[in-house]
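Below, each chain spelled out in residue letters.
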Amino acid sequence: MTDAETQEAMPAPFEPVATKADLETLDHAEIVAGYCEWNRDDPEPGPNRGRAYWHGWRNAAADHGQIPQDWAMASLAHELYPRRVA
């Protein structure tokens, strides 16, 4: 089983962030820490790290192609950066 398959089989330790309102409740320094501390060889952080850290870690993993973008990431991106129609 690949790392991506293992992560898909395991439930996430937190509810994914899917809205701007939800994102705004998280500690932004913890999000950045999770993103910056992501490492391809490290396992997904557990509940001891906190939801904000986990959110940042997930985004780094997706940006580096380690995990696929999911519905929550797509929903949040769409809300933060809506298409502008001329």
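Residues numbered from 1 in each chain as written. Predicted model: local features only at pLDDT ≥ 70, side-chain atom pairs only at ≥ 80, totals over all residues. Heavy atoms only, no water.

Caption draft 1: Representation of the overall build of the protein within the structure. Looking only at helices and strands, one finds five helices and zero strands in the protein. Mapped in sequence order, the helices and strands of the protein form the string α-α-α-α-α. A burial count over the protein gives 30% of its 86 residues as buried. Taking the contacts inside the protein whose residues are at least 6 apart along the sequence as the reference set, 60% of them involve residues at least 24 apart. As displayed, the protein has an accessible area near 5900 Å², and 53% of this comes from carbon and sulfur atoms. (Helix = DSSP H or I, 4+ residues; strand = E, 2+ residues; numbered from the N terminus. Buried < 20%, exposed > 50% of the residue type's maximum accessible area, 1.4 Å probe, protein only. Contact = heavy atoms within 4.5 Å. Areas by Shrake-Rupley, 256 points an atom, 1.4 Å probe, with all protein chains shown as cover.)

Caption draft 2: Local environment of the side chain of Arg51. Following the sequence through the fold, Arg51 ends up in helix H4 (residues 51-63). Separated by 2.9 Å, the side chain of Arg51 and the backbone oxygen of Glu15 make a polar contact. Excluding anything up to four places from it in sequence, Arg51 contacts Phe14, Glu15, Pro16, Val17, Asp22 and Leu26. (Polar contact = N/O pair within 3.5 Å; in protein donor to acceptor, adjacent residues only side chain to side chain.)

Caption draft 3: Layout of the packing of aromatic side chains. Taken as a whole and assessed by the stated rule, the structure comprises one aromatic pair. Measuring from ring centre to ring centre gives 5.7 Å for Phe14 and Trp54, while their planes differ by 50°; the resulting arrangement is tilted. Remark: Trp54 occurs in helix H4 and Phe14 occurs in the loop between helix H1 (3-9) and helix H2 (20-23); sequence separation between them is 40 residues. Note on accessibility: Phe14 and Trp54 belong to one class, buried. (Phe/Tyr/Trp six-rings, centres within 6.5 Å; stacked < 30°, edge-to-face > 60°.)

Caption draft 4: Representation of the side chain of Arg58 in the model. As for its position among the elements, Arg58 is in helix H4. Residue Arg58 is classed as buried on the basis of its relative accessible area of 8%. With near-sequence residues (within four places) excluded, Arg58 lies in contact with Pro16, Ile67, Asp70, Ala72 and Met73.

Caption draft 5: Layout of the nonpolar core. Counting seven residues, the largest nonpolar core is built from Trp38, Trp57, Ala60, Ala61, Ala62, Ile67 and Met73. It is H4 that contributes the most residues to this core, four residues altogether. One finds Val17, Leu26, Ile31 and Ala52 within the second-largest nonpolar core, a separate group that totals six residues. (Core = buried A, V, L, I, M, F, W, Y, C linked by side-chain atoms within 4.5 Å.)

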